[in-house]
Structure formats: C-alpha cells, structure tokens
Amino acid sequence: MGSQLGFIFNANDCIGCKSCEIACKNENQLEAEVDWRRVTMLSDKFFISVSCNHCASPECFRVCPENAFTKRADGIVLIDSNLCSACGKCKEACPIDAPQYNMQTHKFNKCQMCYQRQDQGKLPACVEACTTGALRTADLERSYPNLVSTLKGFENMGITQPSIAFQPIKGEKQRYFIKE
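First, a word on scope: everything that follows refers to the structure included in this document. In this text, all values refer to a predicted model and were calculated from it rather than measured experimentally.

By the element assignment, G16 lies in the loop between β1 (5-9) and α1 (19-28). Note: C-alpha distance between G16 and T40 (24 residues apart in sequence) is 7.5 Å. Apart from residues no more than four positions distant in its own chain, G16 is found in contact with V39 and F47.

Turning our eyes to something else, we now look at the sheet that holds strand β10 (residues 164-166). Spatially, β8-β1-β10 is the arrangement adopted by the 3 strands of the open sheet, whose pairing is mixed. What marks the edges here is a single partner per strand, and that holds for β8 (135-139) and β10. Between one strand axis and the next, the sheet turns through 30° on average, direction left out of account. Strand direction decides the pairing type here: β1 and β10, joined by 3 bridges, are parallel. For I8, the partnering residue across the bridge sits in β10 and is A165.

Quick notes on the rules
- Sequence positions are assigned chain by chain, starting from 1 and proceeding in written order.
- Per-residue local features of the predicted model are confined to residues with pLDDT of at least 70, and side-chain atom pairs are confined, for both listing and counting, to 80 or more; whole-chain, interface and lining totals are unaffected and use all residues.
- In computing side-chain values, all of the structure's heavy atoms are included and hydrogens and water are not.
- Put simply, DSSP H or I for four residues or longer makes a helix, DSSP E for two residues or longer makes a strand, and each gets a number counted from the N terminus.
- Pairs of residues are marked as contacts when any of their non-hydrogen atoms sit within 4.5 Å.
- A pair of strands is considered paired only if DSSP assigns at least 2 bridges between the two.
- An axis is simply a line fitted to the C-alpha atoms; with a helix, the fit covers only the stretch in contact. Between two such axes, the angle follows the N-to-C directions and lies from 0 to 180 degrees.

Printed below as a string of structure tokens:
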C-alpha cells in the first residue's frame, strides 16, 4: 500500500471565512491575482475550499513538455517553476485550473501542499488557519483506501483521481464511488 496525502473537506463546517485562502497567500507570498486555494459558494447554504488536489494520476504531470512536475513518495505533486516554459498545457489539462500563471515570474505555479512545513511536522498553512476544522489533511490511502466521495463539480474526476475526500453534506444526497 502506497502513501497519498490529500485534503479532507467538510462543507457542513465551512463558514466561508476564507482564512485558508488568506493563509495560503501569506505563506506563499502570492500576488493578489494568484489564488492557489479558492473558497466559493457550493450552494446557497454551503461553501467549498479547493486547491490543487495532488492527484493520484495528475494530468499536469503527464502533459508538461518540460517535465517540470514531480510526485513525491507521499503523493504531493510539485512543480519546479524554473523548468516551466509557461506553455499553459498544465492549466488546460487540470480539471480545476490549479496551476496559476505568475505575472512576476512569467511561469506557472500551484499549491505544493506546504511540503516544507509538513517536512517539519507542521500542518499546511490553509489547514492550520481553518477556524472550524472543515479542512484537514490525511493519508488517503491509509485512512480512506476504498472510498472517494464527490460533490457537485467533482463528479468526473476519474482520470486524475484527485486526492480529496468530502464529508457527506447533511440533508443532501451524497454519492460515493469505490476505487477499482
């Protein structure tokens, strides 16, 4: 059994405060128009917080002509912006537009799951900042080996196999898919 770090998100607990979004910007010193983590309305009652999902089968990794993407043993997908030619193929291939163009460097970059912090035993900045505990991380291969849940907008992710698990939304029908 391998290792696949990923996010766990509970829309029932998210209040849309954007603390995770702000913490990400601060930790990574991102310019105003770059959003590695985005909080948006899921429905009239619920929010969703998403970033790069560090997919088990990342399309960005597959399509990059410069081989700028790597995948660590723990499943975190990294981009070496120094190798990026800014062709945009990674952004086109990503179902959630995770790679973002940096106007200052003229390269693409994305959430790297605060791997430096995690290597020091700390939580990613977005998870640490979440005031309600709606956003967490876990080794999805060990914690959730056979269950991938979906929310509206995440139904057709079979190709990339995103490393995100959603807690069922109270009062709404939830669909589950078992990995093959």
